[in-house]
Amino acid sequence: MADITITINGTPLKAKENETILNIARANDIFIPAICYLSCCSPTLACRLCMADVDGKRVYTCNAKAKDGQIVVTSTPEIEAERRAIMEVYAVNHPLECGVCDKSGECELQNYVHEAKVNDQHYSVSNTYRTVQDWDNIRYDASLCIVCERCITVCKDKIGEAALKTVPRGEELAVPKEYKDIMPKDAYAVWNKMQKSLIDKVRDENGDIIDCAKCGECSAVCPTGALIGSDFHYISNAWELKRIPAANPHSSDCAPIYYEVKQRSINNPAPKIYRVQSEYNFAPLSAAARYGYDFENANAVKDKEAFQEVVNFIKNGARTILFNSFITNEEALILQKLKEKFSLKLVNEDAYVYNRFLKAMSKCSGYTLYQGTLESIQKSDFIVTVGSMLRYDAPNVGYALNSALKMNRAAAIYCHPIKDKVVQNFSKNLLELNYRPGSEEALLYLLLELFAPLSELDDATSEYLQSFHTTTSKTVDGNEIESATSKLWNIIGIENKSAQIEAMAAGKSRFSLVIGEDILTHPRWQNMAYIVGTLERLANFKAVVIPTQTNTLGVSLICELDKYAEGKTLGYNLFGDMTLSAFGDGFDMPALNQQEGTFTNIDKRVVPINAALPYGGYELNDIASALGIWTKYTIDYTQKLPINMGFKEIAFDNLETDFDNAGNDIRGYTLEIQSTDISKTPINFRNITLDSDIVYRLNPVSQFNFFTNRASKLSRKGVLFASKEFMDLHNFFSGQNVKITSQNGSILYLDIEEDKNISGSFAYLPTFDKTLNVYPFFEEYRFATFTIGEVYDDE
């Protein structure tokens with residue numbers, strides 16, 4: 001879009017053509033009131049407060065696109081009178097309970113009433129009782145609702161669920177007709193709508209409330225106390241809470257969060273996290289980020305004798321450190337230093353798989369890291385996702401996809417064997433391809449066929465493609481029987497959609513390719529990494545390879561990882577011969593809400609976290625210091641992260657923790673991406689197939705790991721989740737105990753439960769429940785074949 005200049009209140013401002021005037025004003029710290037508008041969402045014009053005069057004509061700035069040379073005036077006596085009338089309308093019959101309202105002190109209605117100088121009331125109307133409803137983690141008080149529709153808008157345009165809607169109040173309470181002639185027209189329109197409507201959950205054809213992800217974003221955006229987290233109701237005043245900036249500790253979006261903390265009571269000064277808040281205009285949160293906050297290691301103490309045992313074990317017994325990627329960059333660097341000093345093996349299966357994929361991909365892309373970000377997905381007009389159940393694996397990637405579809409009118413191809421009913425409803429411009437498990441390589445090769453013709457490829461890639469054509473499009477006697485493209489669709493198990501995909505991509509210019517864990521763990525991962533790299537370099541795609549755990553990318557860059565363990569093992573949040581654990585089931589370590597440090601997120605951004613709660617035990621840095629790897633604080637390692645891997649020599653205390661007014665993420669810094677040599681990598685195609693009952697390794701929506709399951713609002717028992725088709729095929733019912741037998745003979749007994757949001761004959765096993773060890777049932781690949789049956793009385 002072209003650069004333009006507009007003038008707001010006498011100040012010339014540079015902007016992009018077709019940006020909204022309201023967003024331009026906000027980015028330049030110019031205040032225009034708006035109580036219904038959310039950044040990156042479609043305008044509803046519900047409040048009309050954002051009115052302004054543009055070239056002498058009245059417009060609503062949330063909806064008005066900027067054009068070069070415009071003169072904008074945001075405040076005149078007429079505009080201020082209209083805004084005051086609107087705020088009077090919002091205050092009619094609004095309960096005067098600010099002293100006890102959960103929103104008091106951070107209520108936008110309060111703020112705007114004062115801003116508009118509403119000191120008296122000129123209007124009145126009969127009131128009626130409005131019931132209070134409990135929606136799982138949310139409490140809806142309709143008497144406090146001003147029907148701004150923010151909750152509906154964010155659920156539809158950001159989250160993609162469309163689980164809320166306006167409904168008639170039931171009893172008709174029209175605004176008295178005599179007001180129509182004396183009220184400003186915008187105030188009358190706002191009042192009339194507010195009197196006639198309420199918010200309700202969307203229901204299915206049977207009248208049952210549809211199942212949503214329960215992310216709580218609707219309560220985050222509510223400007224009044226109408227939507228409040230159930231666990232925060234009448235618990236604390238907003239001004240009593242101390243706000244601690246941090247990042248989502250449970251998944252690689254590392255979305256900005258604020259832990260809000262105060263003492264537990266007058267008699268108990270110990271701090272407690274009361275809730276999590278967010279930058280809701282720019283960074284929506286998943287349910288895990290919002291509600292998975294109380295997972296701390298609360299009872300840790302410094303046991304000097306046990307501490308010395310750990311030190312001695314590393315010195316004289318340990319040969320391998322086992323760990324996962326739910327750690328900080330600084331902890332990863334400490335582990336690397338322990339490896340170097342004591343010649344230890346470092347085994348992290350998650351980061352190892354991720355690192356090898358990036359290295360292989362770089363041979364064809366020409367860069368050390370992928371080029372895409374969540375923002376580039378959100379701004380794309382053509383998106384392909386392969387190998388991830390986005391709403392489950394990476395909710396914020398799903399939000400970015402949905403936003404692109406809704407706000408950019410993008411087209412998207414969502415590829416996964418399991419049908420997601422919610423994703424299906426994101427947009428009519430989304431094509432869902434439910435391919436056969438194992439056929440991901442054929443699908444990625446199909447993208448090469450469609451978007452990177454042979455004539456445009458370099459010699460090395462062309463040689464590889466020709467080898468594929470030779471093996472897939474000719475019979476034994478050399479007679480061509482079908483095109484490679486048709487053969488690919490047959491392997492994938494879907495009728496030929498090439499023409500439809502080409503039509504969807506026609507005229508598009510901003511391409512994104514999202515790669516999930518199914519690709520990273522596939523037996524043919526290396527060849528697929530080459531294809532992804534080639535697509536990024538030659539086919540106009542910006543790729544995003546989803547890091548599978550919170551700090552997978554950081555760990556993969558900082559640590560020199562080994563594939564296999566040997567000898568005695570030290571486990572860090574994993575069981576070993578000696579275990580360091582934030583769960584209280586080993587030598588105590590701090591949880592991530594008790595630490596300072598940094599993560600490296602999906603956007604390749606190094607973001608800081610701060611400790612929300614105290615910790616009474618030893619930390620990893622204490623152990624390293626006792627072993628001669630000394631620094632005073634763990635965060636002293638922040639500026640020592642490896643520069644050759646793209647990190648910068650910036651001290652922890654110098655890292656930003658916020659967004660700017662324009663919505664740009666300025667937390668921390670972005671890794672430096674380095675160029676690499678492009679290698680010759682021809683590899684032949686080989687199809688993978690799976691038979692029998694297919695089970696997938698996947699956590700349900702809102703669960704990611706042992707830590708999310710420790711949180712009081714999220715904790716639950718692990719079960720085998722299945723589609724209705726799978727349940728019907730086996731005559732199972734929810735709550736039934738079943739027996740799972742893997743191909744290697746491993747057996748697991750657990751209950752089965754229907755997931756109403758998936759379809760196709762599939763079941764999935766979760767990893768979040770520490771009492772269920774499901775990893776022996778899978779090799780690296782997330783799909784596996786099992787025998788599943790009911791449990792008999794004699795078993």
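Parameters at a glance
Residues numbered from 1 in each chain as written. Predicted model: local features only at pLDDT ≥ 70, side-chain atom pairs only at ≥ 80, totals over all residues. Heavy atoms only, no water. Helix = DSSP H or I, 4+ residues; strand = E, 2+ residues; numbered from the N terminus. Buried < 20%, exposed > 50% of the residue type's maximum accessible area, 1.4 Å probe, protein only. Contact = heavy atoms within 4.5 Å. Areas by Shrake-Rupley, 256 points an atom, 1.4 Å probe, with all protein chains shown as cover. Lys, Arg positive; Asp, Glu negative; His and termini not counted. Charge placed at Lys NZ, Arg CZ, Asp CG, Glu CD. Phe/Tyr/Trp six-rings, centres within 6.5 Å; stacked < 30°, edge-to-face > 60°. Pairing = 2+ DSSP bridges. Axes fitted to C-alpha atoms, helices over the stretch in contact; angles between N-to-C directions. Salt bridge = Lys/Arg side-chain N within 4 Å of Asp/Glu carboxyl O. Polar contact = N/O pair within 3.5 Å; in protein donor to acceptor, adjacent residues only side chain to side chain. Core = buried A, V, L, I, M, F, W, Y, C linked by side-chain atoms within 4.5 Å. Parallel < 35°, antiparallel > 145°, perpendicular 65-115°, else oblique. Left-handed = near helix turned anticlockwise from the far one by under 90°. Nonpolar A, V, L, I, M, F, W, Y, C, P; charged D, E, K, R; others polar. Expected span 1.5 Å × (residues − 1).

Q: Give me the lowdown on the overall build of the protein, citing residues and values where you can.
A: Each helix and strand in the protein was counted, giving 25 helices and 34 strands. Seen through its principal axes, the protein has C-alpha atoms that stretch 85 × 75 × 65 Å. Across the 795 residues of the protein, 60% fall into the buried class. Of the contacts formed within the protein by residues at least 6 apart in sequence, a portion of 73% connects residues at least 24 apart. Counting only carbon and sulfur atoms, one obtains 47% of the accessible surface of the protein, whose full area is about 32,500 Å². If the 81 positive side-chain charges of the protein are averaged to one point and the 103 negative ones to another, these points end up 2 Å apart.

Q: Account for the packing of aromatic side chains, with residues named and values stated.
A: Each aromatic ring pair is described using two quantities: the centre-to-centre distance and the angle formed by the ring planes. Across all of its chains, the model carries 23 aromatic pairs by this definition. The interplanar angle of 85 degrees and the centroid separation of 5.4 Å between the aromatic rings of phenylalanine 451 and phenylalanine 541 together place this pair among those described as edge-to-face. Here the residue phenylalanine 451 occupies a position in helix H16 (residues 440-451), and phenylalanine 541 occupies one in strand E21 (residues 541-545), the gap between them amounting to 90 residues. A residue is classified by how much of its surface remains accessible, and phenylalanine 451, at 14% relative accessible area, is buried.

Q: I'd like a description of the sheet that holds strand E31 (residues 747-754), backed by residues and values.
A: Within the closed barrel, the six strands sit side by side as E28-E33-E29-E31-E30-E34. Their pairing is mixed. Sheet twist, expressed as the average angle between the axes of neighbouring strands with direction ignored, equals 45 degrees. Where strand E28 (residues 693-697) meets strand E33 (residues 763-765), three bridges bridge the pair, whose relative direction is parallel. Looking at E33, one finds that arginine 697 is bridged to leucine 765.

Q: Quick one: what's the story with the pairing of strand E26 (residues 605-609), residue by residue and with numbers?
A: E26 sits mainly inside the fold: five of its five residues count as buried. Residue alternation in E26 divides its side chains into two sets, Arg605, Val607 and Ile609 and Val606 and Pro608, and both sets are buried. Bridging between strand E25 (residues 597-600) and E26 involves four bridges; their strand directions are antiparallel. Along E26, the bridge assignment pairs threonine 600 with valine 606. Remark: four residues form the turn of the hairpin made by E25 and E26, two consecutive strands paired antiparallel; lysine 604 in that turn has positive phi of roughly 65 degrees. In the sheet, E26 pairs with strand E27 (residues 669-670) via two bridges, with the strands oriented antiparallel. Bridging from a neighbouring strand, valine 606 pairs with tyrosine 669 of E27.

Q: An account of the pattern of salt bridges is requested, with residue identities and associated values reported.
A: Overall, the coordinates contain 35 salt bridges when judged by the stated rule. The shortest N-O distance in the salt bridge between glutamate 106 and arginine 275 comes to 2.9 Å. Here arginine 275 lies in strand E13 (residues 271-278) and glutamate 106 lies in the loop between helix H2 (77-91) and helix H3 (108-115), a separation of 169 residues in the sequence. Here glutamate 106 falls in the partly exposed class, since its relative accessible area comes to 23%. For lysine 497, the salt bridge identified is with glutamate 495, shortest N-O distance 3.3 Å. Linked through salt bridges whose partners overlap, the residues forming this network are Asp393, Glu517, Asp518, Arg697 and Arg782.

Q: Quick one: what's the story with the side chain of serine 365, residue by residue and with numbers?
A: Among the structural elements, serine 365 can be located in helix H11 (residues 349-365). For serine 365, a relative accessible area of 4% corresponds to the buried category. Among the polar contacts made by the side chain of serine 365, one reaches the main-chain amide nitrogen of tyrosine 367 at a distance of 3.2 Å. Setting aside residues no more than four positions away along its own chain, serine 365 makes contact with Gly533, Glu536 and Arg537.

Q: I'd like a rundown of unusual backbone geometry, residues and numbers included.
A: In this structure, arginine 409 takes a positive phi of about 55 degrees despite not being glycine. By the element assignment, arginine 409 lies in the loop between helix H14 (395-407) and strand E17 (411-415). In this structure, lysine 604 is a non-glycine residue whose phi angle is positive, near 65 degrees. Exposure remark for lysine 604: the relative accessible area of 3% places this residue in the buried category.

Q: So what's going on with the nonpolar core? Which residues, and what values?
A: Within the largest apolar cluster, 132 residues are counted, with the highest numbers of intra-cluster contacts made by Phe323, Phe357, Tyr370, Phe382, Val386, Phe451 and Ile515. When residues in this core are grouped by element, the largest group, nine residues, is from H16. Filtering out sequence-adjacent residues up to four positions away, isoleucine 515 remains in contact with Phe357, Val386, Leu444, Leu520, Val532, Val544, Val545 and Ile546. Ranked by size, the runner-up nonpolar core spans 54 residues in total, among them Ile138, Tyr179, Tyr291 and Phe704.

Q: Please set out the packing of H2 against helix H6 (residues 185-196) residue by residue, giving values where relevant.
A: Orientation of H2 relative to H6, taken along the N-to-C sense of each, is 20 degrees, at an axis distance of 8 Å. It follows from the interaxial angle that H2 and H6 lie roughly parallel. With respect to the hand of their crossing, H2 and H6 are arranged in right-handed fashion. Residues Glu82, Ala85, Ile86, Val89 and Tyr90 of H2 form the contact with H6, whose own contacting residues are Lys185, Asp186, Ala187, Val190, Trp191 and Met194. Each residue belonging to the contact of H2 with H6 can be placed in one class, and the counts come to eight nonpolar, no polar and three charged.

Q: Break down the sheet that holds strand E3 (residues 51-54) for me, citing the residues and quoting the values.
A: In space, the five strands of this open sheet follow the order E2-E1-E5-E3-E4, with mixed pairing throughout. Looking at which strands have only one partner, the edges of the open sheet turn out to be strand E2 (11-16) and strand E4 (57-60). Each neighbouring strand pair of the sheet contributes to a mean axis angle of 35 degrees, computed without reference to strand direction. Here two bridges tie E3 to strand E5 (residues 71-73), and the two strands are oriented antiparallel to one another. Looking at the pairing, valine 54 lines up with valine 72 of E5.

Q: Which residues make up H2, and what values do they have?
A: Compared with the 21 Å implied by 1.5 Å per residue over 15 residues, the 21 Å span of H2 between its first and last C-alpha is a close match. Among the residues of H2, Ile79, Glu82, Arg83, Arg84, Ala85, Ile86, Met87, Glu88, Val89 and Tyr90 are the ones counted as buried. Buried-residue contacts for H2 involve E3, E4, E5, H3 and H6.

Q: Please provide a residue-by-residue account of the environment of serine 286, values included.
A: Turning to its location among the elements, serine 286 is positioned in the loop between E13 and helix H8 (287-291). For serine 286, a relative accessible area of 3% gives the class buried. As for serine 286 and serine 702, which are separated by 416 residues in sequence, their C-alpha atoms are 6.9 Å apart.

Q: An account of the environment of serine 376 is needed here, citing residue identities and associated values.
A: Of note, serine 376 is situated in helix H12 (residues 374-378). For the pair serine 376 and leucine 390, spaced 14 residues apart in sequence, the C-alpha to C-alpha distance is 16 Å. In contact with serine 376, not counting residues within four places along its chain, are Ser512 and Lys542.

Q: Report on the environment of asparagine 601, specifying residues and quantitative values.
A: Mapped onto the elements, asparagine 601 comes out in the loop between E25 and E26. Separated by 55 residues in sequence, asparagine 601 and isoleucine 546 place their C-alpha atoms 9.5 Å apart. Those residues in contact with asparagine 601, other than ones at most four positions away along the chain, are Ser252, Asp253, Cys254, Tyr370, Leu553, Val607 and Arg667.

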